[in-house]
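# Structural description and commentary
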Amino acid sequence: MSSHVRAPRAHPLQRLHERRAQQRHTDRAADGSDSEDTHAGAEGAGGAGGAGGAGNYLRICAPMVRYSKLPFRELVRGYGVDIAYTPMILSDVFKHSSISRASEYKTNASDDPVVVQFAASNPTDLADAAELVAPFCNGIDLNCGCPQKWAIHECIGSYLMDHPDLVRDMVRTVKERTGSVRMADGTCTFPCSIKIRIHPDLARTVEFVRRAEAVGVDWITVHGRTRTQKNTEDVNVEGIRVAKEAVGVPVFANGNVFSRADADELAAATGVDGVMVARGLLENPGLFEGHASTPFEAVEKYARLGVQYGTSFFIFHHHLMYMLDGSMSRAEKRRFNCLTSIPAVLDYLEEHYGIVV
């Protein structure tokens, strides 16, 4: 969190509004009409101005433990990502530890828009962390979806899905404590969003998102599985659609997107305002631009960014393992996976791909 990126940042939804406005202009031009009445009708008919249209949605890089750090966020922005999230950060550790603040969130002026995701078990921890990070990001997100047992034991993540009153208090407190943070457009509306999973009983999900909207949450991301489902199980598209239709704030969909076609289909089926991708982007950072597999230049770009930003060997190696997985033979994977240092990885890339960093 460096002082040179302290300037007011744009609201993350600004690109959505611009894209929808451009779509309305295109539609009116095609219809031969440009009246104010037509404009208003297009806005009302689509919820958020035509949500879920062909490509008419925000493309979002999900929060990924260890992986969605600054070098990877910079990489995917070059391939059509509109908003990038940080990995989940524990708010209580972040607020108490300068080491955590220095290592868990690194940013720069081009890291924009970026949403910092926090895990929290109480309003004070979340608001304290939000105040610290607000001048250096475009918004924060409360993780209400992490299904791991340790998280539930610590009363964070998907534990919160059974405690809507606590989520209400968290969002309210963040809004009160960040009320003086000014965005680039001059408004004092520092964004606070939540990322959830669906309940087995969708009526509870509807109640949950409506209560979040009532307290002032700016948008909601819905992962279309319950907290007990594995990531190999199908996403409940109907559950995401029901949540979207229950509220007026923007809703993003998450789960089982591994191609641009998957993203378009999920947006069309649910009417959401954005599609968030995790594993699909790890395997193919060019997904949103329609690349069927990782573009060769993305491998080279990430290698350069990883070295430039001082990425640890573990993360550097694993990102490249994901990106190269589809292009390597089994024997090549065994050799690459056994490499033990960044210099060894760079030597391999030069020998086999002609990449010189």
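These notes cover the structure that comes with them.

What counts and how
- Residues numbered from 1 in each chain as written.
- Predicted model: local features only at pLDDT ≥ 70, side-chain atom pairs only at ≥ 80, totals over all residues.
- Heavy atoms only, no water.
- Phe/Tyr/Trp six-rings, centres within 6.5 Å; stacked < 30°, edge-to-face > 60°.
- Helix = DSSP H or I, 4+ residues; strand = E, 2+ residues; numbered from the N terminus.
- Lys NZ or Arg CZ within 6 Å of the ring centre and 35° of its normal.
- 1 Å grid on protein atoms, 1.4 Å probe; cavity = no way out; pocket = protein on both sides within 12 Å on 5 of 7 lines; lining within 4 Å.
- Points joined across faces, edges and corners; volume = space filled by probe spheres on them.
- Nonpolar A, V, L, I, M, F, W, Y, C, P; charged D, E, K, R; others polar.
- Contact = heavy atoms within 4.5 Å.
- Axes fitted to C-alpha atoms, helices over the stretch in contact; angles between N-to-C directions.
- Parallel < 35°, antiparallel > 145°, perpendicular 65-115°, else oblique.
- Left-handed = near helix turned anticlockwise from the far one by under 90°.
- Core = buried A, V, L, I, M, F, W, Y, C linked by side-chain atoms within 4.5 Å.
- Buried < 20%, exposed > 50% of the residue type's maximum accessible area, 1.4 Å probe, protein only.

## Focus on the packing of aromatic side chains
Applying the stated criterion to the full structure yields six aromatic pairs. With 5.7 Å between their ring centres and 90 degrees between their planes, Tyr67 and Tyr322 make a pair best called edge-to-face. Residue Tyr67 is located in the loop between β1 (58-61) and α3 (70-77), and its partner Tyr322 is located in helix α14 (residues 313-324); the two are separated by 255 residues in the primary sequence. Its guanidinium or amino end placed over the ring of Tyr57, Arg59 lies 4.8 Å from that ring's centre, counting from NZ or CZ.

## Some thoughts on empty space enclosed by the protein
The final tally for this structure, using the stated rule, is one cavity of 30 Å³ or more. Here the largest cavity defines a volume of roughly 40 Å³. Every residue along the wall of the largest cavity is listed here: Pro164, Val167, Arg168, Phe208, Arg211, Ala212 and Val215. Among the secondary structure elements, those contributing two or more residues to the lining of the largest cavity are α8 (164-177) and α9 (202-215). Residues of the lining of the largest cavity, tallied by class, amount to five nonpolar, no polar and two charged.

## Remarks on the side chain of Ser158
As for its position among the elements, Ser158 is in the loop between α7 (149-153) and α8. With sequence-adjacent residues up to four places away left out, Ser158 is seen in contact with Cys144, Gly145, Cys146, Pro147, Ile152 and Arg227.

## Concerning the layout of surface pockets
Computed from the structure, the largest pocket encloses a volume of approximately 870 Å³. As for the largest pocket, its lining consists of 33 residues, of which Pro63, Met64, Pro147, Arg197 and Ala278 are closest to the centre. In terms of residue count, helix α12 (residues 279-283) provides more of the lining of the largest pocket than any other element does, three residues in total. Residues of the lining of the largest pocket, tallied by class, amount to 16 nonpolar, 11 polar and six charged.

## Let's talk about the packing of α8 against α9
Where α8 contacts α9, the two axes come as close as 9 Å, and the packing angle between them is 25 degrees. With respect to their mutual orientation, α8 and α9 come out roughly parallel. The hand of the α8/α9 crossing is right-handed. Between α8 and α9, the residues in contact are Pro164, Asp165, Val167, Arg168, Val171 and Arg172 and Phe208, Arg211 and Val215, respectively. Each residue belonging to the contact of α8 with α9 can be placed in one class, and the counts come to five nonpolar, no polar and four charged.

## What about the packing of helix α13 (residues 296-308) against α14?
Packed helices, taken two at a time, are described by the angle their axes make and the gap between the axes. Packing of α13 against α14 brings their axes to within 11 Å, and their N-to-C directions diverge by 175 degrees. What the angle tells us is that α13 and α14 run roughly antiparallel. In this structure, α13 contributes Ala298, Val299, Tyr302, Ala303, Gly306 and Val307 to the contact, and α14 contributes Ile315, Phe316, His319, Leu320, Met323 and Leu324. Here the contact of α13 with α14 is composed, by residue class, of 10 nonpolar, two polar and no charged.

## Here's the deal with the nonpolar core
Among the nonpolar cores identified, the biggest contains 86 residues, and Ile140 and Ile194 are the most heavily contacted of them. When near neighbours in sequence (up to four residues on either side) are disregarded, Ile140 contacts Val115, Val116, Phe118, Leu126, Ala130, Val133, Val174, Phe190, Pro191, Cys192 and Ser193. Membership of the second largest hydrophobic core comes to 11 residues, among which are Leu58, Ile60, Tyr85 and Trp219.

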